[in-house]
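# Observations on the three-dimensional arrangement
Listed below are the residues making up each chain.
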Amino acid sequence: MRERLVFSVSGKGGVGKTTTSALLSRVFAEKTARSMLLVDADPVMNLPRVMGVEIPASVGDIATQMRKSIDDGTLPASAAKQDILEGDIFESLVEGDRYDFLAMGRTEGEGCYCYVNRLLTQILDRLSSNYEITLLDMSAGLEHFSRRTNRNVDILIIVIDSSRAAFEAALRIRDLAKEVHIDFKKLVVIGNRIPDNLVDAVSQGLEENGLYLAGMIPNDDEVAKLNYLGKPVFELPDDSPALKAVEAIAENLGLLSEATMLKLLGQ
Ligand SMILES: Nc1ncnc2c1ncn2[C@@H]1O[C@H](COP(=O)(O)OP(=O)(O)OP(=O)(O)O)[C@@H](O)[C@H]1O
Ligand SMILES: [Mg+2]
């Protein structure tokens, strides 16, 4: 078994996290032979559409169902809840040729179901350990950092556009990840749709704040069009500028070759 790597893609709302996650997973699927789990960790669940995947049930739906059964007593106290939850989650996994897909969704209900949440965490950790790459498309908010959904992340990717707010969100995410001890090995920033007249300023701003700019994704009309039409990124032509840019970023980061990937992780 090769090294397992967990990526998460964070950033301010609307900067292009889902697009970047989808493009990156296409690059991994086409340019590496690694097994991959793609996780939509955003309750809004945009990633399935962008990847062209139908989700039978989200982890949230499954957990909500279990919580209800616990509350109304239909689940016998003796039932092995972890096994039931795990079985249902494994069943909800969409298995594709090139990657498997899991949508976290949203859990309903109030109150603290720490028990179910703890089970979920364990199950997801176990699931993710079966894949060489796990890629998490995160929500725009920062709550997931305090919930530590991405506590096992190796490579934290922060996407920014040219807005000041996106830049400040990047700094905040970096600080927050450290505060809550997310033990990432590498943090990289990807600039999306940065206008030419700002490229230098953005690069400099990141450098001054100790952030590493892994590369830029240009505005790509075809990406916007496919999104509007509800079509997956797999329909983008191979020479699409956004796809090419993400391929170059993955290459630059050493993610497409075994040896350089290990070097990136300092191993
Ligand atoms: N490089 C690009 N070229 C053209 N359109 C893009 C590009 N990047 C993102 N978009 C478009 O911008 C919109 C927002 O992108 P996306 O959904 O990836 O952002 P997000 O950060 O995931 O948003 P949210 O915070 O809502 O999850 C989408 O319509 C997407 O198609
Ligand atoms: Mg998104």
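To be clear, the structure that these remarks concern was listed above.
Residues numbered from 1 in each chain as written. Chains lettered and ligands numbered in written order. Predicted model: local features only at pLDDT ≥ 70, side-chain atom pairs only at ≥ 80, totals over all residues. Heavy atoms only, no water.

## A short note on the pairing of strand 2 (residues 36-40)
Test applied: Burial status follows relative accessibility: with a 1.4 Å probe on protein chains alone, a residue under 20% of its type maximum counts as buried, one over 50% as exposed, and anything between as partly exposed. Working definition: helices are DSSP H or I runs of at least four residues, strands are E runs of at least two. Numbering for both runs from the N terminus. Two strands pair if DSSP finds at least two bridges between them.
Burial within strand 2 is extensive, with five of its five residues counted as buried. Across five bridges, strand 2 lies against strand 5 (residues 133-137) in parallel orientation. Of the residues in strand 5, the one forming a bridge with Val 39 is Leu 136. Pairing of strand 2 with strand 4 (residues 100-103), which is carried by four bridges, proceeds in the parallel orientation. Paired with Val 39 across the two strands is Leu 102, which belongs to strand 4.

## Overview of the packing of helix 3 (residues 59-71) against helix 4 (residues 81-92)
To keep things clear, this is the line we draw: The convention used is that axes are lines fitted to C-alpha atoms, helices contributing only their stretch in contact, and that angles between N-to-C directions extend from 0 to 180 degrees. Comment on the angle field: the value is read as roughly parallel under 35 degrees, roughly antiparallel over 145, roughly perpendicular from 65 to 115, and oblique elsewhere. Note: crossing handedness is left-handed where the near helix turns anticlockwise from the far helix by less than a right angle, and right-handed where it turns clockwise. Any two residues whose heavy atoms approach within 4.5 Å are treated as being in contact. Charged residues are taken to be Asp, Glu, Lys and Arg, nonpolar residues to be Ala, Val, Leu, Ile, Met, Phe, Trp, Tyr, Cys and Pro, and polar residues to be all remaining types, Gly included.
For the pair helix 3 and helix 4, interaxial distance at closest approach is 9 Å and the crossing angle is 150°. Between helix 3 and helix 4, the interaxial angle falls into the category roughly antiparallel. As helix 3 packs across helix 4, the resulting crossing turns out to be right-handed. Between helix 3 and helix 4, the residues in contact are Val 59, Ile 62, Ala 63, Met 66 and Ile 70 and Lys 81, Ile 84, Leu 85, Asp 88, Ile 89 and Ser 92, respectively. Broken down by class, the residue content of the contact of helix 3 with helix 4 amounts to eight nonpolar, one polar and two charged.

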